[in-house]
Amino acid sequence: MAFQPWEYRPDAGFAEGTDLIGYTVVAVDGDIGHVEASYDSRPAYLEVDIRSFFGREVMLPAGLVERIDSAEKKVYVDRT
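Bear in mind that the values here come from a model prediction, so they are computed numbers and not experimental data.

### Here's the deal with the sheet that holds strand β4 (residues 57-61)
The mixed open sheet is built from six strands, whose spatial order is β4-β3-β2-β1-β6-β5. Only two strands of the sheet have a single neighbouring strand rather than two, namely β4 and β5 (65-69). Adjacent strand axes in the sheet meet at a mean angle of 35° when their direction is disregarded. Two strands pair when backbone bridges link them, and strand β1 (residues 24-27) and strand β6 (residues 74-77) are joined in this way by three bridges, in the parallel orientation. Looking at the pairing, V25 lines up with V75 of β6.

### Side note on the nonpolar core
Counting 18 residues, the largest nonpolar core has Y8, L20, V35, L46, V65 and V75 as the members making the most contacts within it. Elements with a minimum of two residues in this core: β1, β3 (45-49), β5 and β6. In contact with V75, not counting residues within four places along its chain, are L20, Y23, T24, V25, V26, V35, L46, V65 and R67.

The rules behind these values
- Residues numbered from 1 in each chain as written.
- Predicted model: local features only at pLDDT ≥ 70, side-chain atom pairs only at ≥ 80, totals over all residues.
- Heavy atoms only, no water.
- Pairing = 2+ DSSP bridges.
- Helix = DSSP H or I, 4+ residues; strand = E, 2+ residues; numbered from the N terminus.
- Axes fitted to C-alpha atoms, helices over the stretch in contact; angles between N-to-C directions.
- Core = buried A, V, L, I, M, F, W, Y, C linked by side-chain atoms within 4.5 Å.
- Buried < 20%, exposed > 50% of the residue type's maximum accessible area, 1.4 Å probe, protein only.
- Contact = heavy atoms within 4.5 Å.

Next comes the structure, spelled out in structure tokens:
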């Protein structure tokens, strides 16, 4: 299957309607911020507050989400 940047990966553990606000976003090299807003319709993406690093918010396409750990409230992305 080709990479679909605006859709969650089938094996990421995302369930439609899941509220990811407040989850910690973890990149390959560590925590990068917290989810401020999430949109699960097309296009699906996360707004991430990375102010502690760069003083701003960024938009991450849902396709970058590698997995979601609801117990730990963490979203893992496969980028640095």
